[in-house]
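Chain and residue survey
Okay, here's what each chain looks like letter by letter:
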Amino acid sequence: MSRRPIYLNPSAADERCDFSNIQGLKHFHHSLPDYRPTPLVSLPEIAAVLGVKAVFVKDESNRFGLPSFKVLGASWGCYRAVVSHLGLPPTVALEAVKQRLKESPVALFAATEGNHGRAVAFMAKQLGVTAQIFVPASMDAGTRNRIASEGAEVVISNGDYDQAVQEAWAASQNDGGLLVQDTAFDGYEEVPAWIVEGYSTMMTEVDEQLSQLGLHSTLTVTPVGVGSLAHAVVRHCKSRTTPMAVVAVEPDSGPCLISSLHAGKMVTVKTSETIMNGMNCGTVSATAWPDLQRVVDAVVTVSSYESHCAVEYLTSHNVRAGPCGGASLAAIRQLNASDQAAILLHRDAVVVLLCTEGARPYSVPRDVAVEDVVGLTQALTQIDSSNPTLSVADGVGETEIAHYLAAWFAHRGVEYHRVEPVAGRPSIVGVLRGSGGGQSLMFNGHIDTVSLTSYEHDPLSGQLGERQGKPVIFGRGSLDMKGGLAAALAALAAIKASGRTLRGDVIVAAVSDEEDASQGTRDIIAAGWRADAAVVPEPTMGAIAVAHKGFVWVEVDILGVAAHGSDPQAGEDAILHAGWFLQSLEQYQTRLPIDDTLGQASLHCGLVKGGQEPSSYPERCTITIEFRTIPAQSNDSILGDMNALLSDIAKEKPRFRYAPPRLTVSRPTQKLSADHPLVQKTIACAAEVLGARPEVVSVPFWCDAALLSAVGVPAIVYGPSGAGLHSKEEWVEVDSLQRMSRVFEKLIQEFCD
């Protein structure tokens, strides 16, 4: 398995934190409405699987009527910030504070991924003041509505969580209000420290509840977002006479702590889609970082799917957990599956899992752990990514499959980039970085498909079956070209899992819109992505394609004069006059140039549009011609030829009029010598893996290889076998996928080493 490795800090076992009881904290929380300790639930089945004495989950699904632990820190942070603002002592009764606020009101501000902002809103309501809660643009409407239900004004930021924090800070400064934020930054450290203090109530409850059972914790597993809760946990656990180990868990999509630990300094990471919204933070709190770096024993990242599975288990054991609440169980399962668990999960261990939020709606995620080529092809095929601009039957676009691929790369700690200059048409570029000095290799595969409407059965089944006596995978895009992309991903995963460090980079560009305008590959080229060579795994039936024709679309307007159908003296029939041009075009077609590899260039009239109704002379007839081109042709030469044809007709036919022809789409030809090192290296790798040399061919279809070659990236087209391209039933051969994945793995090793 090539997932991101666990981070271990052996020296943390000997580290300590100074953390004494906080004056007034216990009395403050006990004074809030409906205070009671949250349950500590035993999970004996999990303990048996782990081989430890006991496992408990601290169930924070209902704290003061809110579905999260966050209110512990937010309430104390709000209280201390307001008390400080009013110049009152930190032991003053809550009712006294509320009275003073009637005389001197102050607004509260916060940014949130969900529960923190709702908790601040809740506390503002308790204090009788207003609250503005800033949320990322990506936050779902349900979460926003739950925050607003506490009486707060919800402000939608234009960016991510970190941007929302900055906007909340600026708004609080402009309004003279108080920012109550669990993220510390330069000049803002005091309030986050109070919020951390507030969380210690939960840890004190755990100690008291275990003591009643004659036990004490040896290991606590805590979720990490910005790190405030984790900071409270390590300060509590590492201040004991017999310190407890702490394992932190982050979502694959927002690994800010583990990335900072590996870097040895605080770094900001770009976050992506996850169901663990409250943990999806790009930067660790500055006040939490020094202690977390020093005393956390281990850090594990988990996928959305792993969290979902943990939620299902907890729900079946009467713990109504949300995705962030399931993360701790997912982490301990992952730790147990590693070779590094024994020091923490021994037979006398008592493990406490912090379940930090209650149940909430979320979309069931897909499993990103899959990395065999068959499973990946099935997973990709089951995602609808039909092209929205290809036909009248608009598709849904590439957003969902881009989210999946981003999560797939993140799960493995593989660098990835989202390229989306056109909103809703994302491409994902994953990069397995080499050590330097080697050649880079790009696999370029499109993630869009043609329409689902023409498919006879379930176009998104991804089911295994049989055709022509061979095992196949069915579904729209299984062959064109999710199977080829899956082969590249599986090869990358195998290289990473092997632990082998290559010198050159391996790039997998999963691009949008190839079926229409090749927006995705044009976008990644414009963004600067290049490689020393590229493979486009379109379905070539196992042959290596080194050449294909380009294409050019030219529109020609033949002009007439509009008039009533009963007045032939006034009207000129543009459609009838277009016939002269079509006859000339047919003769021109026979004279098109010939290439030694690609054969003769060709053309056809793809569209003819003219007229408005039968009773009128048409004033215009527009003919769209597609040219399938060879290297001897250029845009200028084709337009020149069209102008010459039209001009010659006009000389012979005085009534013939036209507008200058215009080029609407142009795609280059692809032609690479069969002797090119990339071709020869691929042949050698395939021969070694498969025992036979693949055929070297040219292909009739166009693909993105030409765009790569045009910017200096030599490219071949080489992909799996199957049938049903764009038709009512499509499938890819399983054996072909497996062969292709092995060849790609070998090619990566040979080319990038």
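This one's a predicted model, so the numbers in the text were calculated from it and none came from an experiment.

A short note on the overall build of the protein chain
Each helix and strand counted, the protein chain has 22 helices and 33 strands in total. On the principal axes, the C-alpha backbone points of the protein chain span a range of 100 × 70 × 45 Å. Sequence separation of 24 or more characterises 75% of the internal contacts of the protein chain that already satisfy a separation of 6 or more. Summing over all exposed atoms, the protein chain offers an accessible surface of approximately 29,400 Å²; the carbon and sulfur share of this is 49%. Positive and negative side-chain charges in the protein chain, numbering 59 and 83 respectively, have mean positions lying 3 Å apart.

Looking at the UniProt feature "domain: Peptidase M20 dimerisation" (unreviewed entry) in the protein chain
Residues annotated by UniProt as "domain: Peptidase M20 dimerisation" (unreviewed entry) correspond here to residues 546-652. Its end C-alpha atoms 44 Å apart, residues 546-652 is made of 32% helix and 37% strand.

Side note on helix α9 (residues 228-237)
The element α9 is extensively covered by neighbouring structure, given that 10 of its 10 residues are classed as buried. Regarding α9, the residues found buried are Ser228, Leu229, Ala230, His231, Ala232, Val233, Val234, Arg235, His236 and Cys237. Residues of α9 that are buried in the fold lie against α8 (190-212), β8 (219-223), β9 (245-251), α11 (289-295) and β11 (350-355).

Describing the sheet that holds β11
The strand order across the open sheet built from 7 strands is β1-β10-β9-β8-β11-β3-β2, with neighbouring strands paired in mixed fashion. Of all strands in the sheet, those bounded by a partner on one side alone are β1 (7-8) and β2 (40-42). Summarising the sheet, β8 and β11 pair through 3 bridges and their orientation is parallel. Of the residues in β11, the one forming a bridge with valine 221 is leucine 353. Seen against the sheet, α9 touches β8, β9 and β11 and runs at an angle of roughly 165° to β8.

Some words on the UniProt feature "domain: Tryptophan synthase beta chain-like PALP" (unreviewed entry) in the protein chain
In the numbering used here, UniProt assigns the "domain: Tryptophan synthase beta chain-like PALP" (unreviewed entry) feature to residues 34-355. Across residues 34-355, the secondary structure splits into 45% helix and 15% strand, with the terminal C-alpha atoms separated by 20 Å.

Looking at helix α4 (residues 94-103)
Those residues of α4 lying buried are Leu94, Val97 and Leu101. Along α4, the residues classed as buried sweep out an arc of 55° about the axis, all on the same side. In α4, the exposed positions angled more than 90 degrees off the buried face are occupied by Glu95, Lys102 and Glu103.

What to know about unusual backbone geometry
Going from aspartate 480 to methionine 481, the amide bond is cis rather than trans, its omega being -5°. Turning to its location among the elements, methionine 481 is positioned in helix α16 (residues 478-498). Despite not being glycine, glutamine 468 has its phi angle at roughly 55°, a positive value. Take glutamine 468: it is sitting in the loop between β15 (464-467) and β16 (470-474). Owing to a relative accessible area of 65%, glutamine 468 belongs among the exposed residues under this scheme.

Comments concerning the packing of aromatic side chains
Applying the stated criterion across every chain yields a total of 16 aromatic pairs. Between the aromatic rings of phenylalanine 28 and tryptophan 76, the centroid separation amounts to 5.4 Å while the plane-to-plane angle is 55°, which identifies the pairing as tilted. Linking phenylalanine 28 in helix α1 (residues 25-31) with tryptophan 76 in helix α3 (residues 70-86), this pair joins segments that are 48 residues apart in sequence. Here phenylalanine 28 falls in the buried class, since its relative accessible area comes to 4%. Overall, the relative accessible area of 0% leaves tryptophan 76 in the buried class. Aromatic side chains phenylalanine 551 and tryptophan 702 sit 5.5 Å apart centroid to centroid with 85° between the ring planes, which places their arrangement in the edge-to-face category. Of this pair, phenylalanine 551 sits in strand β20 (residues 550-559) while tryptophan 702 sits in the loop between β30 (696-699) and α21 (705-710), placing them 151 residues apart in sequence. With respect to burial, phenylalanine 551 and tryptophan 702 carry one shared label: buried. Ring pairs connect the aromatic residues Phe28, Trp76 and Tyr79, which therefore count as one cluster. The ring of tryptophan 731 is capped by arginine 467, whose NZ or CZ atom sits 5.8 Å from the centre of that ring.

Here we look at the pattern of salt bridges
One pass over the full model with this rule turns up 35 salt bridges. One salt bridge in this structure joins lysine 671 and aspartate 596, with 2.9 Å as the shortest N-O distance. Of this pair, lysine 671 sits in strand β29 (residues 670-671) while aspartate 596 sits in the loop between β22 (594-595) and β23 (599-600), and the two are 75 residues apart along the sequence. One network of salt bridges, with partners in common, ties together Lys58, Glu60, Arg63 and Glu205.

Things to note about the side chain of threonine 274
By the element assignment, threonine 274 lies in the loop between α10 (256-263) and α11. On the accessibility criterion, threonine 274 (12% relative accessible area) is buried. Leave out the neighbours within four places in its chain, and threonine 274 touches Pro251, Ser253, Asn280 and Ser304.

Some thoughts on the environment of serine 304
By secondary structure assignment, the location of serine 304 is in helix α12 (residues 304-316). Residue serine 304 is classed as buried on the basis of its relative accessible area, which comes to 15%. Considered as a pair, serine 304 and tyrosine 199 are 105 residues apart in the sequence and their alpha carbons are 25 Å apart. Here serine 304 is in contact with Thr274, Ile275, Met276 and Pro365, once residues within four sequence places are set aside.

Comments concerning the pairing of strand β31 (residues 715-718)
The two faces of the sheet receive side chains in turn, since in a regular strand these alternate between them. Both faces of β31 are covered, namely the face carrying Ala715 and Val717 and the face carrying Ile716 and Tyr718. When strand β19 (residues 544-548) meets β31, the two strands line up antiparallel, connected through 2 bridges. Of the residues in β31, the one forming a bridge with alanine 545 is valine 717.

Let's talk about the sheet that holds strand β32 (residues 722-723)
An order of β15-β16-β33-β32 is seen for the 4 strands of this open sheet, with the pairing classed as antiparallel. The open sheet has two free edges, formed respectively by β15 and β32, since each of these has just one partner strand. Across 4 bridges, β15 lies against β16 in antiparallel orientation. Within β16, the position partnered with glutamate 466 by the bridge is proline 471. On top of the sheet, helix α14 (residues 373-381) reaches β15, β16 and β33 (731-733); it is set at about 30° to β16, its chief contact.

Conventions adopted
Residues numbered from 1 in each chain as written. Predicted model: local features only at pLDDT ≥ 70, side-chain atom pairs only at ≥ 80, totals over all residues. Heavy atoms only, no water. Helix = DSSP H or I, 4+ residues; strand = E, 2+ residues; numbered from the N terminus. Contact = heavy atoms within 4.5 Å. Areas by Shrake-Rupley, 256 points an atom, 1.4 Å probe, with all protein chains shown as cover. Lys, Arg positive; Asp, Glu negative; His and termini not counted. Charge placed at Lys NZ, Arg CZ, Asp CG, Glu CD. UniProt positions renumbered as here; feature names shortened; annotations may be inferred. Buried < 20%, exposed > 50% of the residue type's maximum accessible area, 1.4 Å probe, protein only. Pairing = 2+ DSSP bridges. Axes fitted to C-alpha atoms, helices over the stretch in contact; angles between N-to-C directions. Arc of directions from axis to C-beta. Phe/Tyr/Trp six-rings, centres within 6.5 Å; stacked < 30°, edge-to-face > 60°. Lys NZ or Arg CZ within 6 Å of the ring centre and 35° of its normal. Salt bridge = Lys/Arg side-chain N within 4 Å of Asp/Glu carboxyl O.

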